[in-house]
Each structure stands twice: as structure tokens, then as C-alpha cells.
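# Breakdown of the fold
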Amino acid sequence: KLTGRYSYTLKKTTLTIGATWQHTLLNGKTTLPAVSSTKKNFNHLLYQLTANLPINSKNRIRIEAKATTTNPSNSMIQDMVNMSNTSNIRAGNPDIVPAYIHDADISYIRTDRKSGTTLSLTASCSVSSNYFCDSLVINNPDFEVMDGVKLGENNQYVKPVNLKGYYKILVKGSFGIPVGFLRCNLNLNGNISLRQLPSMVNEDFVPIRTNKYQLGGRLDSNISKYFDFTIGYNGRYNMN
């Protein structure tokens, strides 16, 4: 890796920008059923951005963005077919490349020391246009898994591929406030998570979506050093 970074500070505002040139070498060797080797070179330009932006004494914003890669394993890039389990045949894919992922976060924080309240809101997003995932072939007995070998009845064939359509979105917030007449602190929180994993079934794009919704609260006592209590609730609803 070769990394460069630039930072700028003005009063309480800070900005950091970085770039990384990344070279990845993947080597693989197979001895059975035939001797072969695989060698892959990948080059990527990654970026990083961090910014702290105070609006005033009570409010501030933080922004983060970066690019990352996820490398395939050696078994994924080898041009081999694993027939050890004929009902679940797995193959490699020499054309697969590392997944390039963009991540971004923005947070807003408000703190009022006079009233004792704290508000935090965060939105996060991850996307990729070449996420690697499984391509499944099923209910296709005439499909050739290799030269002269067909899939057969009630069997499945899985091969890793790069597909677009991956995303993960998270929005969450929390609010804390003292409750004077109870001598307690009340904290409320909630979040929404939306995720899509791309996949392929019989050469058709079939995304897998998972949505999660969560809401919770907590009441912490501060009555005295001899007595305290905590009451909490957390509810979650999942959709797949």
C-alpha cells in the first residue's frame, strides 16, 4: 500500500482527506485432481474523508467516507469444480475480482448542558457495484458442471460471481433527557436498517432483502446512593 493524507484545521473545524494506492497479489496452487496454479494481480485506488464541523457550542456534524475492498479466497478464484458432494457442487471462478465498497456516514449531535439533553442522529450507507456472491443453478439436470458431466436431478451447483446491487442503509437516533421529578434519566433510541444482497438463481438476478426496525427506551434512576432502578424496553421487527 502507498498512502497520502492531507489535514486542515481552522479553529474547531477539521478536515482530513487521504488516498491509498493498493496492490494485491493472490496466489493459489492445486495438486488434485490436476496440478495447476492461479496468480491474480489487482490494483485499486482507495479514498478516505473525515470532517468535524462544529456549528456552535451545542451542535456539531461529523462526516466520514471511505472506499474499501474485500478479496475473494483462493478457492473462489481457482478454475476447479468440487464434486465431493454431488448434491451440492461448488466451483471456482477465475474471472472474479475483489469487491469495491463505498461507505459513508453523517452524524448530527446536539448537546445542551443547561437542560441536560443530548440528541444524536446518524445516517450510514454502503454500496458496491461488483459485490461477489453466489450464482445458484437448481432444477436443471441437463446443466453441464464440467465437460461431459451434467448436474443431474435434485442437485445444485454454486459458483461465485460479481454482481451489482449491494447496499446497506442504516438510520439511527437517540435522545436523552433528565426527568427531574423522578430524579431519573430517560434515553430513547430507534433505528431502521435496509439491506440488499445480490444473488443469481438459474441466471436470473434474485436479490435478498432484509429490513429491520428497532425502537427502545431506558429509564435509569438517580435517586440516592442507597437505591436505584432501571426500566428498559427494546422491540425489533424484521422483514425478509
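These lines cover the structure that appears in this document, whether it is placed above or below. (Residues numbered from 1 in each chain as written. Predicted model: local features only at pLDDT ≥ 70, side-chain atom pairs only at ≥ 80, totals over all residues. Heavy atoms only, no water.)

A tally of helices and strands in the protein chain yields one helix and 18 strands. The C-alpha radius of gyration of the protein chain comes to 25 Å, more than 25% above the 18 Å expected for a compact globule of 240 residues. Expressed along its principal axes, the backbone C-alpha trace of the protein chain runs to roughly 80 × 45 × 35 Å. Every one of the 240 residues in the protein chain was classed for burial, and the buried ones make up 30%. The contacts in the protein chain between residues at least 6 apart in sequence include a share of 56% that link residues at least 24 apart. Of the roughly 15700 Å² that the protein chain leaves accessible, carbon and sulfur atoms contribute 55%. Of the charged side chains in the protein chain, 27 are positive and 15 negative; the average position of the first set lies 18 Å away from that of the second. (Helix = DSSP H or I, 4+ residues; strand = E, 2+ residues; numbered from the N terminus. Rg over C-alpha atoms; globule rule 2.2 N^0.38 Å. Buried < 20%, exposed > 50% of the residue type's maximum accessible area, 1.4 Å probe, protein only. Contact = heavy atoms within 4.5 Å. Areas by Shrake-Rupley, 256 points an atom, 1.4 Å probe, with all protein chains shown as cover. Lys, Arg positive; Asp, Glu negative; His and termini not counted. Charge placed at Lys NZ, Arg CZ, Asp CG, Glu CD.)

Attention shifts here to the pattern of salt bridges. Evaluated as defined, the whole model comprises four salt bridges. Here Arg 62 and Glu 64 are joined by a salt bridge, their closest N and O atoms 2.5 Å apart. With a relative accessible area of 29%, Arg 62 lands in the partly exposed category. On the basis of relative accessible area, Glu 64 is assigned to the partly exposed category, the value being 30%. (Salt bridge = Lys/Arg side-chain N within 4 Å of Asp/Glu carboxyl O.)

Moving on: the sheet that holds strand E3 (residues 36-54). Taking strand neighbours across the sheet as the criterion, the 10 strands line up as E1-E2-E3-E4-E7-E8-E13-E14-E17-E18 in an open arrangement whose pairing is antiparallel. Of all strands in the sheet, those with a lone pairing partner are strand E1 (2-10) and strand E18 (230-239), marking the two edges. Neighbouring strand axes in the sheet, compared pairwise and without regard to direction, differ in orientation by 10 degrees on average. With seven bridges joining them, E3 and strand E4 (residues 59-70) adopt antiparallel strand pairing. Bridge pairing in E4 links Leu 49 to Ala 65. (Pairing = 2+ DSSP bridges. Axes fitted to C-alpha atoms, helices over the stretch in contact; angles between N-to-C directions.)

Here we take up the pairing of strand E9 (residues 131-138). Across eight bridges, the pairing between E9 and strand E12 (residues 156-163) is antiparallel. Residue pairing in the sheet places Leu 136 in a bridge with Val 158 of E12. The sheet contact formed by E9 and strand E15 (residues 200-201) spans two bridges and is parallel. The partner of Ser 135 across the bridge, within E15, is Met 200.

Let's shift gears to the sheet that holds strand E16 (residues 204-205). Read from one edge to the other, the open sheet built from six strands follows the order E5-E6-E12-E9-E15-E16, with strand pairing classed as mixed. Two strands bound the open sheet, and with one partner strand each, they are strand E5 (81-82) and E16.

Tallied over the entire structure, the rule returns five aromatic pairs. When the ring of Tyr 131 is compared with that of Tyr 166, the centres are 4.1 Å apart and the planes differ by 5 degrees; the resulting orientation is stacked. Here Tyr 166 lies in strand E13 (residues 166-179) and Tyr 131 lies in strand E9, a separation of 35 residues in the sequence. Grouping aromatic residues by their ring pairs yields a cluster made of Tyr 131, Phe 132 and Tyr 166. (Phe/Tyr/Trp six-rings, centres within 6.5 Å; stacked < 30°, edge-to-face > 60°.)

Considering the arrangement of structural elements, one finds Cys 133 in strand E9. The sequence separation of Cys 133 and Ser 199 amounts to 66 residues, and the corresponding C-alpha distance is 6.0 Å. In this structure, Cys 133 is in contact with Lys 159, Pro 160, Val 161, Leu 163, Pro 198 and Ser 199, ignoring residues within four places of it in sequence.

Turning our eyes to something else, we now look at unusual backbone geometry. Note: most peptide bonds trans; most residues except glycine with negative phi. Located in the positive-phi region is Lys 11, a residue other than glycine, with phi close to 55 degrees. Within the fold, Lys 11 resides in the loop between E1 and strand E2 (13-30). For Lys 11, a relative accessible area of 80% puts it in the exposed group. With a phi angle near 70 degrees, Glu 203 is a residue other than glycine that sits in the positive phi range. Inspection of the secondary structure assignment puts Glu 203 in the loop between E15 and E16.

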